[in-house]
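Summary of structural features
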Amino acid sequence: MRRPDPQTLLLISSAVTLGFTIWLHLNLQPRDFGTYANVDERKAAFITYLCPLIEEQNASARADRDLVLQAHAELRESGDIGQAILDLGKKYSLTVTVPPDVLITRLLRRVDQLPDALVLAQAAIESGWGTSELYTRTHNLFGRRCFYASDCYSPPNSTIEYRRFPSAGDAVAQYFRDLNTLMPYKRLRDLRAQYASDPRRLAEGLSAYSSRGTHYVRQVRRIIDDNNLRAACGVG
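Residues numbered from 1 in each chain as written. Predicted model: local features only at pLDDT ≥ 70, side-chain atom pairs only at ≥ 80, totals over all residues. Heavy atoms only, no water.

What about the packing of helix α5 (residues 116-127) against helix α10 (residues 214-226)?
Running from N to C, α5 and α10 point in directions that differ by 110°, and their axes come no closer than 9 Å. Our classification of the angle between α5 and α10 gives roughly perpendicular. As α5 packs across α10, the resulting crossing turns out to be right-handed. For the pair formed by α5 and α10, the contact residues are A117, L118, A121, Q122, A124, I125 and E126 on the first element and Y216, Q219, V220, I223 and I224 on the second. Residue composition of the contact of α5 with α10, grouped by class: nine nonpolar, two polar and one charged. (Axes fitted to C-alpha atoms, helices over the stretch in contact; angles between N-to-C directions. Helix = DSSP H or I, 4+ residues; strand = E, 2+ residues; numbered from the N terminus. Parallel < 35°, antiparallel > 145°, perpendicular 65-115°, else oblique. Left-handed = near helix turned anticlockwise from the far one by under 90°. Contact = heavy atoms within 4.5 Å. Nonpolar A, V, L, I, M, F, W, Y, C, P; charged D, E, K, R; others polar.)

Rendered as structure tokens:
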């Protein structure tokens, strides 16, 4: 078989490079939901886009929780926990030098899923259903501030700095980490321990998320109800 000449190989390489560059640009750029003139179509596209990202984080939380439950059972038998649980404690921002039973109890409060409807409602509010300037420039779906990160963004005529994320998936992952670990959302985690998957009940724990307090909680609940978000990701 005749080998391609160097010029042909160069053209093939250039085409592959160009194709990859276009793919990278399309996948790293925030999805532009402002192109949808119809509001219902825009909301549907936004939900379809986010549901797999939410499920990815919930699947990770389920896997982590299974480890904790297994360690809880083993603790009763052996009185000890493995390194994996200590690493999990660090992942969820817990002090791991406490007694094993205390660490397990604290992990069980932090390591769990978040209702799809709750995540969707907050993303819709904070990003204007994927049309806000903050989202389209930074992938920041949840209005997360920039306190420790180095890559920050300040909207025009604003002194507030917001996190810039490499992708929407990274923004969703950070949102999960924040709600599962930060002190202002302890109330939400306590409610989750009681009401598990009820997004309206868990919304009560979001009064610290916004300076609007209880008004924000009511808005989250209204978005959930008005858009039937309980079943939006295929789970009723």
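Notes on the state of the cysteines
Counting across every chain of the model gives two disulfides. Disulfide pairing is shown between C51 and C233; the S-S distance is 1.9 Å. Linking C51 and C233, the disulfide has an S-S dihedral of approximately -85° and is accordingly described as left-handed. With C51 in helix α2 (residues 39-78) and C233 in the segment after α10, the pair connects residues that are 182 residues apart, well separated along the chain. Here C51 falls in the buried class, since its relative accessible area comes to 13%. Judged by relative accessible area, C233 falls into the partly exposed class, the value being 23%. (Disulfide = S-S within 2.5 Å. Buried < 20%, exposed > 50% of the residue type's maximum accessible area, 1.4 Å probe, protein only.)

Details of the layout of surface pockets
Estimated volume of the largest pocket: approximately 650 Å³. G143, R144, R145, F147 and Y185 are the residues nearest the centre of the largest pocket, which is lined by 26 residues in total. Of all the secondary structure elements, the ones that give two or more residues to the lining of the largest pocket are α5, β2 (162-163) and α7 (168-181). Looking at which element gives the most residues to the lining of the largest pocket, the answer is α7, with four residues. Its residues assigned to classes, the lining of the largest pocket shows twelve nonpolar, six polar and eight charged. (1 Å grid on protein atoms, 1.4 Å probe; cavity = no way out; pocket = protein on both sides within 12 Å on 5 of 7 lines; lining within 4 Å. Points joined across faces, edges and corners; volume = space filled by probe spheres on them.)

A few points about the confidence of the model for the protein chain
With 87% of its residues at a pLDDT of 70 or more, the protein chain shows a mean pLDDT of 87. Note on residues 16-27: pLDDT under 50 across the span, and zero contacts to partners over four residues away in sequence or across chains. (pLDDT = per-residue confidence, 0-100.)

Notes on unusual backbone geometry
A positive phi is found at S93, a non-glycine position, where the angle reads about 60°. Here S93 is to be found in the loop between α3 (83-91) and α4 (100-110). Note on S93: relative accessible area 51%, which makes it exposed. With a phi angle near 60°, N157 is a residue other than glycine that sits in the positive phi range. Turning to its location among the elements, N157 is positioned in the loop between β1 (152-153) and β2.

Remarks on the packing of α2 against α7
Look at α2 against α7: their axes get within 10 Å of each other, and the N-to-C directions meet at 45°. It follows that α2 is oblique to α7 by the angle criterion. Classified by chirality, the crossing of α7 by α2 is right-handed. Seen from α2, the contacting residues are Y49, L50, L53, I54, Q57 and N58; seen from α7, they are A168, G169, V172, A173 and F176. The residue makeup of the contact of α2 with α7, split by class, is eight nonpolar, three polar and no charged.

Considerations on the side chain of R42
Relative to the assigned elements, R42 resides in helix α2. Although R42 is buried, it forms no salt bridge, and the closest oppositely charged side chain is D32 at an N-O distance of 8.0 Å. Of note is the side chain of R42, whose polar atom sits 3.4 Å from the backbone oxygen of F33. Excluding residues that lie within four positions of it along the chain, R42 makes contacts with F33, Y36, A37, W129 and T131. (Lys, Arg positive; Asp, Glu negative; His and termini not counted. Salt bridge = Lys/Arg side-chain N within 4 Å of Asp/Glu carboxyl O. Polar contact = N/O pair within 3.5 Å; in protein donor to acceptor, adjacent residues only side chain to side chain.)

Topic: helix α8 (residues 186-195)
Residues of α8 that are buried: L188, R189, D190, L191 and R192. Among the residues trailing α8, A196 stands out with phi positive, at a value near 50°.

A look at the packing of aromatic side chains
Given two aromatic rings, their pairing is described by the distance between the two centres and the angle made by the two planes. Counted under the stated rule, the structure contains eight aromatic pairs. Ring geometry for F33 versus F46: centroids 5.4 Å apart, planes at 80°, classification edge-to-face. With a gap of 13 residues between them, F33 in the loop between α1 (6-28) and α2 and F46 in helix α2 connect regions that are remote in the sequence. Each ring, one from Y209 and one from Y216, has its centre 5.8 Å from the other, and the planes form 5°; the classification is stacked. The same class applies to Y209 and to Y216, which are both buried. An aromatic cluster of at least three residues, connected via ring pairs, comprises F33, F46, Y49, W129 and Y135. The lysine or arginine in question, R201, covers the ring of Y195, its NZ or CZ lying 3.8 Å from the ring centre. (Phe/Tyr/Trp six-rings, centres within 6.5 Å; stacked < 30°, edge-to-face > 60°. Lys NZ or Arg CZ within 6 Å of the ring centre and 35° of its normal.)

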